[in-house]
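Next come the chains, spelled out residue by residue.
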Amino acid sequence: MPALGELAAALELEFRGDPERQIEALASIDSATQDQLSFISEKKHLPRLEKAAAGAVILHPDWADKWDGCALFSTTPYIAYARATHLFDNHPRPSGRIHAQATVAEGVRLGEGVTVDPRACIEAGAVLGDRVWIGAGAYVGHGAQIGDDTVVKPGAVICHAVRIGARCTIHPNATIGADGFGYAASADGWVKIEQLATVVIGDDVEIGALSAVDRGALDDTIIEDGVIIDNMVQIGHGARVGQRTAIASQAGISGSTAIGARCVIAGQVGMAGHLVIADDVHIGGQGRVASSVTEPGHYSSGTPIQPLRSWLRSASRFTQLDQMARRIAQLEKAAGLGEQEEESA
Amino acid sequence: MPALGELAAALELEFRGDPERQIEALASIDSATQDQLSFISEKKHLPRLEKAAAGAVILHPDWADKWDGCALFSTTPYIAYARATHLFDNHPRPSGRIHAQATVAEGVRLGEGVTVDPRACIEAGAVLGDRVWIGAGAYVGHGAQIGDDTVVKPGAVICHAVRIGARCTIHPNATIGADGFGYAASADGWVKIEQLATVVIGDDVEIGALSAVDRGALDDTIIEDGVIIDNMVQIGHGARVGQRTAIASQAGISGSTAIGARCVIAGQVGMAGHLVIADDVHIGGQGRVASSVTEPGHYSSGTPIQPLRSWLRSASRFTQLDQMARRIAQLEKAAGLGEQEEESA
Amino acid sequence: MPALGELAAALELEFRGDPERQIEALASIDSATQDQLSFISEKKHLPRLEKAAAGAVILHPDWADKWDGCALFSTTPYIAYARATHLFDNHPRPSGRIHAQATVAEGVRLGEGVTVDPRACIEAGAVLGDRVWIGAGAYVGHGAQIGDDTVVKPGAVICHAVRIGARCTIHPNATIGADGFGYAASADGWVKIEQLATVVIGDDVEIGALSAVDRGALDDTIIEDGVIIDNMVQIGHGARVGQRTAIASQAGISGSTAIGARCVIAGQVGMAGHLVIADDVHIGGQGRVASSVTEPGHYSSGTPIQPLRSWLRSASRFTQLDQMARRIAQLEKAAGLGEQEEESA
């Protein structure tokens, strides 16, 4: 239970109030109590301070007069809040030992302070860096390499020869390095294309629960440094995800597509294969990305929900859109209006 | 192999026919044989009785004259059928013991009749109620609490401090309590927001295979009593799902969104974060829910499939819709028709 | 490291060049080096041969004069490439033994040369054919049957009574035979319909990582021979997928829908329940299939991404489409044009 002054020191922030004030936990602004720290990250939330009972609040210094109580001042209060969560982190800690009920093949190379939890299985030839933590029931395949301080959570599967950098987290039941979906159509059915390449993941990457990053056929699938990937995201074989790009839940990136740096791909976005997406592209939820995107910016697709009856009419009209456009052109022609560009369409 | 009279007694239904008639199994109306029970739940299916060979049929009493054979009468035949499936249930039963090849940490509190199957792992501080069944290879994290009669199927991962009520089923490879997707953007990349809260699941909840319910950052993610969730559903951190709501496969609910009671969310629906969805809202498949829904009712979005060539034209016109609307307004103006509301749009 | 002549013999292809030339690996045409084999599968890629440095290339014989170096000739070069990947396959091989840290119940029937890896669990009554390989931590439920040469990868869950044919691959963390999503709505909440049937998978089927095929309520869920299914695909209870159909990642097929043979279902397609899809139907990415498809061919739905501002206008207009169509009809009427079919709409 740190004191306010200790928190300020740890976060390297100016503060206001009693440095000895004990702070037990972090809480959201509406529910925080006298012994809890909260934060305001956007100006629009300032009115919530009026009813706040928090013991201390992380605030932008410009907002100092909006709050009488104890405060930590940051020009980037949301980042300060993110850092504060590390001080209050309550996740279980690794034991630093190989559990008797784990299976570690002979010849596995283990760094210092490695934890392997019960029922995990590490195959021959794997290399685990210092302080790597393999959770219960997780699997690390033959020859896989996992960098220092990386955590593989329970149930995750890291297939053979996959290489993962340092300080990554692979969340539960994620699957890294399963075969990409590659087949050649023949008269006798699908001929499997053995996926001979692997997956290479940089440093400081998070892969969400139940997500998959498939191994490449001939070229590796690459996740660059600092990428964050949410749950149930599919990354197809041979794809590349650029530095610090964020991909939200249930998005799917087809094979050989290359996404640039610092992109934000929202939930349920689907990308076709063999595309190139520029840096700093944002795609809205459920976006249907069927061709490359060469310019940074925000893009979206889809239609909004409507009450069912109205939607049925809209959806039906959608299938008549081309005809409607042609009728408009006819009318324009009759009225001597417009460019009548539809005639030759 | 129950007799017809026994079935009627167990289901508390009136019946017609020989009470000693042996019923071996349940089957659909078109395939049921002389020793099988079937059902008709909707009037439109009554003509299927003409060719039916079932040994007995669950029917609405109003339809009694449509079928000559043995019958069980219920004013809610589909519910009666659902209850009948319980009498014929053929799932394996729990052993009621801790398998020698399970890993149960010291200090775990176990209720009476708990089953822990091979290769499962229960961490320190976990509390399992009476008759809880932890399937093979499943994981129960530190301090997790699981209520009486709840079943955690093989491969499911219950993270630390998660609380699950009574009579729930967590299906295979589901993941409850993985970290929510929370980061603050900084000049040095994403700063992880440690997810300090947990997941709280009520009683009588089902969570489908490969689904994820993420733990909250500061506020718990809450699944209320009687909720049913299908496979590969994503429930983001801090979300709330109200009583008896049903969520179909591959739907995604973003963080902090609160869904009311008795909603039906169809497959592949996507919901943005921080929304409020009223009680009794139904969203059709692939619905794109980008803002709150305040009124109960049925909603849908999206467009229907068309043959590829036609669709290419529709999709192309979609991007010209605003221009088309303006051209209509111009025409109306020229013709002295309409409200010409587009001029200032 | 095979020689060119050996490769040609193994693939039953004509070749050009030194039969003793050593080939170390397969590589894509742009990166292949002197000791690597590559391929050109489509005419449009022929210009890439100009800068190619590959040791040998698989080519259509018609293109022989486009490349001076060593070559393997095939009229179906993509199939020849697929077959070549088998010669260079670098996946780990099964040990052919039951690992001491696997759990195999008494009475399980094992064929010859079966491999069961560490931490796997095989329940009573299961039957594994010859050379079956159960990966680490995988689960095979009571009475499940798995055909010769089938591989169940780490973490996959095969529930009770599921039947899988020969030469199948079930990729990591896939779940076969979890309960279908069936409930009857009652005044007291959802009444579960116990899923009494199972899943039957034919020969030569692949099921991707993190995919689910649910067991049927009364009728089995059926995956026919030669079907290929990518990652995170949901196949609902009682569905049927016809021979050699391919289903890409994150597609969802609802319960009781029957898909024909040789269909191609792209990523994130959603299909409602109880549909019938003809043979040879192709559905484009994110397709919204709400009714049966009776004719073979290519179908698509959805809208393309646009820059956010443009899209907001398009999406808004979509909700006004019916009104726009009526306004066009009014204009046509006023101008004495068109069929004015909208008046009675």
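Residues numbered from 1 in each chain as written. Chains lettered and ligands numbered in written order. Predicted model: local features only at pLDDT ≥ 70, side-chain atom pairs only at ≥ 80, totals over all residues.

K.L.:
Tell me what's going on with the overall build of chain A, and back it up with residues and numbers.
P.N.:
The number of helices and strands found in chain A is four helices and 37 strands. A globule of 345 residues ought to have a C-alpha radius of gyration of about 20 Å, yet chain A, at 26 Å, is considerably larger. For chain A, the C-alpha atoms occupy an extent of roughly 80 × 65 × 35 Å along the three principal directions. Of all 345 residues assigned to chain A, the portion counted as buried reaches 55%. Intrachain contacts of chain A at a sequence separation of at least 6 include 19% that bridge at least 24 residues. (Helix = DSSP H or I, 4+ residues; strand = E, 2+ residues; numbered from the N terminus. Rg over C-alpha atoms; globule rule 2.2 N^0.38 Å. Buried ≥ 20, exposed ≤ 12 C-beta atoms within 10 Å, placed from the backbone. Contact = placed C-beta atoms within 7 Å.)

K.L.:
Help me get a handle on the interface of chain C and chain B, residues and values and all.
P.N.:
Many analyses report the size of an interface as the accessible area lost when the parts associate. Facing the 66 residues of chain C at the interface are 63 residues of chain B. Going through the elements one at a time, strand 18 (175-179), strand 19 (183-186), strand 20 (189-192), strand 23 (212-215), strand 35 (288-289), strand 36 (297-300), helix 3 (308-318) and helix 4 (321-335) of chain C are the ones with two or more residues in the side of chain C that touches chain B. A per-element tally of the side of chain C that touches chain B places helix 4 of chain C first, with seven residues. Classifying every residue of the side of chain C that touches chain B gives 27 nonpolar, 29 polar and ten charged. Judged from the two bridges that link them, strand 37 (residues 306-307) of chain B and strand 36 of chain C form a sheet pairing that is antiparallel. Residue pairing for strand 36 of chain C: B:Q306 is matched across the bridge by C:S300. (Nonpolar A, V, L, I, M, F, W, Y, C, P; charged D, E, K, R; others polar. Pairing = 2+ DSSP bridges.)

K.L.:
Quick rundown of the relation of the copies chain A and chain B? Include the residues and the values.
P.N.:
Each copy of the chain is related to the other by a rotation around an axis and a translation along that axis. Overlaying chain A on chain B yields an RMSD of 0.0 Å, the required transformation being a rotation through 120 degrees with an accompanying axial translation of 0.0 Å. The relationship between the two copies is best expressed as a three-fold rotation axis. (Least-squares fit on C-alpha atoms with pLDDT ≥ 70 in both.)

K.L.:
Explain the domain arrangement of chain A to me, and be specific about the residues and the numbers.
P.N.:
Segmentation of chain A into domains returns domain 1 (4-87), domain 2 (103-299) and domain 3 (307-345). Its C-alpha centre places domain 1 of chain A at a distance of 56 Å from the equivalent point of domain 3 of chain A. (Domains from an automatic or database assignment.)

K.L.:
Talk me through the pairing of strand 36 of chain C; I want residue IDs and the actual numbers.
P.N.:
For strand 34 (residues 281-283) of chain C and strand 36 of chain C, the ladder comprises three bridges, and the chain directions are parallel. Bridged to C:V281 within strand 36 of chain C is C:G297.

K.L.:
Please set out the sheet that holds strand 24 (residues 221-223) of chain C residue by residue, giving values where relevant.
P.N.:
Residues and elements named next belong to chain C. Ordered by their spatial adjacency, nine strands build an open sheet running 7-10-13-16-21-24-27-30-33, and the pairing between neighbours is parallel. Bordering the open sheet on either side are strand 7 (109-110) and strand 33 (276-277), each of which pairs with just one other strand. Here two bridges tie strand 24 to strand 27 (residues 240-241), and the two strands are oriented parallel to one another. Looking at the pairing, I223 lines up with V241 of strand 27.

K.L.:
Help me get a handle on the packing of helix 1 (residues 4-11) of chain C against helix 2 (residues 77-87) of chain C, residues and values and all.
P.N.:
All names here are of chain C. Between helix 1 and helix 2, the least distance of the axes is 10 Å, while the angle of their chain directions is 115 degrees. Helix 2 is crossed by helix 1, and the crossing has right-handed handedness. Residue-level contacts link L7, A10 and L11 of helix 1 to A80, R83, A84 and L87 of helix 2. Within the contact of helix 1 with helix 2, the residues separate by chemical class into six nonpolar, no polar and one charged. (Axes fitted to C-alpha atoms, helices over the stretch in contact; angles between N-to-C directions. Left-handed = near helix turned anticlockwise from the far one by under 90°.)

K.L.:
Requested: an account of the interface of chain A and chain B, with residues and values cited.
P.N.:
With 63 residues of chain A in contact, the opposing surface of chain B contributes 66 residues. Taken together, the elements giving at least two residues each to the side of chain A that touches chain B come down to helix 2 (77-87), strand 37 (306-307), helix 3 (308-318) and helix 4 (321-335) of chain A. At eight residues, helix 4 of chain A tops the list of elements feeding residues into the side of chain A that touches chain B. Among the residues making up the side of chain A that touches chain B, the classes are represented as 31 nonpolar, 24 polar and eight charged.

K.L.:
I'd like a description of helix 2 (residues 77-87) of chain B, backed by residues and values.
P.N.:
The buried count for helix 2 of chain B comes to nine of eleven residues, which makes it a mostly enclosed element. Of all the positions in helix 2 of chain B, only B:P77, B:Y78, B:I79, B:A80, B:Y81, B:A82, B:R83, B:A84 and B:T85 are classed as buried.

K.L.:
Can you tell me about the nonpolar core, naming the residues and giving the values?
P.N.:
Counting 216 residues, the largest nonpolar core has A:V140, A:I158, B:V140, B:I158, C:V140 and C:I158 as its most contacted members. Residues contacting C:V140, with those up to four places away along its chain left out, are C:I122, C:E123, C:A126, C:I134, C:I146, C:V152 and C:I158. A:I193, A:A197, C:V57 and C:L59 belong to the second largest nonpolar core, which has 31 residues in total. (Core = buried A, V, L, I, M, F, W, Y, C linked by C-beta atoms within 7 Å.)

K.L.:
Describe the pairing of strand 23 of chain C, with residues and values.
P.N.:
Residues and elements named next belong to chain C. Strand direction decides the pairing type here: strand 18 and strand 23, joined by three bridges, are parallel. Note on strand 23: the bridge partner recorded for T175 is A212. Looking at chain direction, strand 23 and strand 26 (residues 234-235) are connected through two bridges and run parallel. If you follow A212 over to strand 26, its bridge partner there is Q234.

K.L.:
I'd like to hear about the sheet that holds strand 22 (residues 206-207) of chain A, residue by residue, with values.
P.N.:
Neighbouring strands of a sheet are bound in pairs by backbone hydrogen bonds; such pairs are parallel or else antiparallel. Overall, mixed pairing links the eleven strands, which are arranged 8(A)-11(A)-14(A)-17(A)-22(A)-25(A)-28(A)-31(A)-34(A)-36(A)-37(C) in an open sheet. Each having just a single partner strand, strand 8 (115-116) of chain A together with strand 37 (306-307) of chain C make up the two edges of the open sheet. Sheet topology note: the strand 11 (residues 133-134) of chain A/strand 14 (residues 151-152) of chain A ladder contains two bridges and is parallel. Along strand 14 of chain A, the bridge assignment pairs A:I134 with A:V152.

K.L.:
Which residues make up helix 4 of chain C, and what are the values?
P.N.:
Relative to the 21 Å expected for 15 residues at 1.5 Å per residue, helix 4 of chain C spans 21 Å between its end C-alpha atoms, a close match to the ideal helical length. The inward-facing, buried residues of helix 4 of chain C contact helix 3 and helix 4 of chain A, helix 4 (321-335) of chain B together with helix 3 of chain C. Positive backbone phi, approximately 65 degrees, marks C:G336, located one or two places after helix 4 of chain C. (Expected span 1.5 Å × (residues − 1).)

K.L.:
Give me unusual backbone geometry: which residues, what numbers.
P.N.:
All names here are of chain B. If you check the backbone angles, R119 has positive phi at about 70 degrees while not being a glycine. By the element assignment, R119 lies in the loop between strand 8 (115-116) and strand 9 (121-122). Assessed through the 30 C-beta atoms surrounding it within 10 Å, R119 is described here as buried. One non-glycine residue with positive phi stands out, namely D204, at about 60 degrees. Checked against the element boundaries, D204 lands in the loop between strand 21 (199-201) and strand 22 (206-207).

K.L.:
Summarise the environment of A:G242; cite the residues concerned and give the values.
P.N.:
Residue and element names in this part refer to chain A. With respect to the helices and strands, G242 occurs in the loop between strand 27 (240-241) and strand 28 (246-247). Residue classification places G242 among the buried positions, given that 22 C-beta atoms sit within 10 Å. Residues G242 and L196 lie 46 residues apart in sequence; the distance between their C-alpha atoms is 22 Å. With residues up to four places along the chain from it excluded, the contact list for G242 reads E224, I259, G260, A261, C263 and D279.

K.L.:
Break down the confidence of the model for chain A for me, citing the residues and quoting the values.
P.N.:
Averaged over all residues, the pLDDT of chain A equals 96, while 98% of them reach at least 70. We note a pTM of 0.97 for the whole complex and an ipTM of 0.96 for its interfaces. (pLDDT = per-residue confidence, 0-100.)

K.L.:
So what about the environment of A:R16? Which residues, and what values?
P.N.:
Residue and element names in this part refer to chain A. Within the element layout of this structure, R16 appears in strand 1 (residues 14-16). The partly exposed category is assigned to R16, around which 18 C-beta atoms lie within 10 Å. For the pair R16 and Y78, spaced 62 residues apart in sequence, the C-alpha to C-alpha distance is 18 Å. Once residues within four sequence positions are removed from consideration, R16 is found in contact with C70 and A71.

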